[in-house]
Number of protein chains: 2
Amino acid sequence: MCQSIVTMRLTRKEIAEMIRSRGYRATPQRVAIYEAVWRAGSHPTVAEIYEYATKSDPSISLATVYNTLHLLEEIGLVQELSARDGSARYDPDVHFHINIVCRSCGKVVDYEYKPLDKLAKDIQEVTGFGITVPVFEVKGLCSDCRAENQETAIASVREM
Amino acid sequence: MCQSIVTMRLTRKEIAEMIRSRGYRATPQRVAIYEAVWRAGSHPTVAEIYEYATKSDPSISLATVYNTLHLLEEIGLVQELSARDGSARYDPDVHFHINIVCRSCGKVVDYEYKPLDKLAKDIQEVTGFGITVPVFEVKGLCSDCRAENQETAIASVREM
DNA sequence: TTGTGTGCAAAACCTTTGCAAATGT
DNA sequence: ACATTTGCAAAGGTTTTGCACACAA
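Fair warning: this is a prediction, and the values are worked out from it, not measured in the lab.

**Regarding the relation of the copies chain B and chain A**
Okay, step 1: In screw terms, the move from chain B to chain A is a rotation of 179° and a rise of 0.0 Å along the axis, fitting with an RMSD of 0.2 Å. Read as a symmetry element, the transformation amounts to a two-fold axis.
Okay, step 2: By residue overlap, the copies meet face to face through one surface: 100% of the interface positions of chain B are interface positions in chain A.

The following block contains the structure:
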């Protein structure tokens, strides 16, 4: 089976080429930050990306991390997730999928849902919105946090 | 056809009762802020809610708006949207639907999608996430902003 | 060589917090 | 009456900005 280029990890050379082809300069910082989005854990926060990127080059500044993440989003290499708590999270997986975000601990898991292609097409027809961003998001409570909330609820009842 | 209680606008009395039934005090500020979420435009920002609420009671503070919005979300009367730009937006429509967010101008439109109920159930089975929050979100570009971007793109080409 | 990109520090912005005074029940 | 809630102002955290220097093309 064949994956689209945007769903697989790119080499440094490919990353650099992709950046140049859009008219931007392929600096080592930009390549390092793109790699950090892949490697700094699953759906890493800006802080995590910054921490990881500075491991390979301690001189990289936080401002450059922000600049570069915006650039990478602009050229379609990463996607900013929308959860509002704390620092932004980025997803280097830019094929159509659903991100399920725990509204208690912030954990994000991916969910495959085939009809997303057709849904995006229908949305465009009905609303005129072009779904340029292939990531859908839903908030919920992960099983860990649900267990915890259950305990808290019981504790509250006991207090009364 | 019958709407569920959470999809229709509640009276002041019903709002107050809902708040009290959850063990909280039904202050005039809370009622005014809930009304402001309905009336301050579609999917209003905190700033818009604050502005609208202070029209009916100029003494309401921004801190109270934040406190109250969190409370209203907690008891299921409103839903915080996730777009990260600027101040948070709130949706008083808490039945299952998709919010389509323009990533250029921030406009939000609602989209009905029947399979969301089953999708939420499937997600829970597969991932263990309880989808407590009935709002799904997708980012895209609204038709206005697409037209504008088109112009910008053409302008850029012309500049070269 | 030249204009783009970087790093630094300060500013801007949104949200939360602490506390005394006010108020709903 | 009394715990909860409010308003104010200050603090906190994240992101953006301005500018001199560095560097990719």
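Moving on from the coordinates now.
**Side note on the protein's contact with DNA strand C**
Okay, step 1: Taken together, the neighbourhood of DNA strand C is formed by 21 residues, with Arg25(A), Thr27(A), Thr64(A), Arg84(A) and Tyr66(B) sitting nearest.
Okay, step 2: Per the 4 Å cut-off to the protein, sugar and phosphate atoms form 75% of the nearby atoms of DNA strand C.
Okay, step 3: Contact between DNA strand C and Ala26(B): a phosphate oxygen at 3.1 Å from a main-chain N or O atom of the residue.
Okay, step 4: Taken together, the elements giving at least two residues each to the surface near DNA strand C come down to helix H2 (28–39) and helix H4 (62–74) of chain A together with helix H4 (62–74) of chain B.
Okay, step 5: Grouping the constituent residues of the surface near DNA strand C by class yields 9 nonpolar, 7 polar and 5 charged.

**Thoughts on the pairing of strand E4 (residues 108–111) of chain A**
Residue and element names in this part refer to chain A.
Okay, step 1: Where strand E3 (residues 97–102) and E4 come together, 4 bridges link them in antiparallel fashion. By the bridge assignment, Val 101 is partnered in E4 with Val 108.
Okay, step 2: Adjacent in sequence and paired antiparallel, E3 and E4 are bridged by 5 residues, among which Gly 106 carries a positive phi angle near 85°.

**With respect to the packing of aromatic side chains**
Residues and elements named next belong to chain A.
Okay, step 1: Under the criterion given, the structure shown has 2 aromatic pairs over all chains.
Okay, step 2: When the centroid spacing of 6.2 Å and the interplanar angle of 50° are considered together, the rings of Phe 96 and Phe 136 count as tilted. Here Phe 96, found in the loop between strand E2 (90–91) and E3, pairs with Phe 136, found in strand E5 (residues 135–140); they are 40 residues apart in sequence, far enough to count as distant.

**What about the nonpolar core?**
Okay, step 1: Formed by 32 residues in total, the largest nonpolar core has its most connected members in Ile98(A), Leu119(A), Ile98(B) and Leu119(B).
Okay, step 2: Going through the elements one at a time, E3, helix H5 (116–127) and E5 of chain A together with strand E3 (97–102), helix H5 (116–127) and strand E5 (135–140) of chain B are the ones with two or more residues in this core.
Okay, step 3: Ile98(A) has contacts with Val109(A), Asp110(A), Tyr111(A), Tyr113(A), Leu116(A), Phe136(A), Val138(A) and Leu119(B), leaving out every residue within four places of it along the chain.

**Description of the confidence of the model for chain A**
Residue and element names in this part refer to chain A.
Okay, step 1: Within chain A, residue pLDDT values average 89, and 88% of them lie at 70 or more.
Okay, step 2: This model gives residues 1–6 a pLDDT under 50, and the stretch forms 4 contacts once residues within four places in sequence are excluded.
Okay, step 3: Residue range residues 154–160 is modelled with pLDDT below 50. Its contacts to residues more than four positions away, or to other chains, number 0 contacts.

**Quick notes on unusual backbone geometry**
Excluding glycine, a negative phi dihedral is what most residues carry, and trans is how most peptide bonds are arranged.
Okay, step 1: Of note, His43(A) is a non-glycine position whose phi angle comes to about 50°, a positive value.
Okay, step 2: With respect to the element layout, His43(A) can be found in the loop between H2 and helix H3 (46–56).

**Description of the protein's contact with DNA strand D**
Okay, step 1: Close contacts around DNA strand D come from 21 residues, with Arg20(A), Tyr66(A), His70(A), Thr64(B) and Arg84(B) the closest.
Okay, step 2: Of what DNA strand D places within 4 Å of the protein, 77% of the atoms are sugar or phosphate.
Okay, step 3: Contact between DNA strand D and Ala26(A): a phosphate oxygen at 3.2 Å from a main-chain N or O atom of the residue.
Okay, step 4: Residue Ile60(B) places a main-chain N or O atom 3.5 Å away from a phosphate oxygen belonging to DNA strand D.
Okay, step 5: Elements supplying a minimum of two residues to the surface near DNA strand D: H4 of chain A together with helix H2 (28–39) and H4 of chain B.
Okay, step 6: Here the surface near DNA strand D gets 4 residues from one element, more than from any other, and that element is H4(A).
Okay, step 7: Taken together, the residues of the surface near DNA strand D sort by class into 9 nonpolar, 7 polar and 5 charged.

Each value, and the rule that gives it
- Residues numbered from 1 in each chain as written.
- Chains lettered and ligands numbered in written order.
- Predicted model: local features only at pLDDT ≥ 70, side-chain atom pairs only at ≥ 80, totals over all residues.
- Heavy atoms only, no water.
- Least-squares fit on C-alpha atoms with pLDDT ≥ 70 in both.
- Contact = heavy atoms within 4.5 Å.
- Near = heavy atom within 4 Å.
- Polar contact = N/O pair within 3.5 Å; in protein donor to acceptor, adjacent residues only side chain to side chain.
- Helix = DSSP H or I, 4+ residues; strand = E, 2+ residues; numbered from the N terminus.
- Nonpolar A, V, L, I, M, F, W, Y, C, P; charged D, E, K, R; others polar.
- Pairing = 2+ DSSP bridges.
- Phe/Tyr/Trp six-rings, centres within 6.5 Å; stacked < 30°, edge-to-face > 60°.
- Core = buried A, V, L, I, M, F, W, Y, C linked by side-chain atoms within 4.5 Å.
- Buried < 20%, exposed > 50% of the residue type's maximum accessible area, 1.4 Å probe, protein only.
- pLDDT = per-residue confidence, 0-100.

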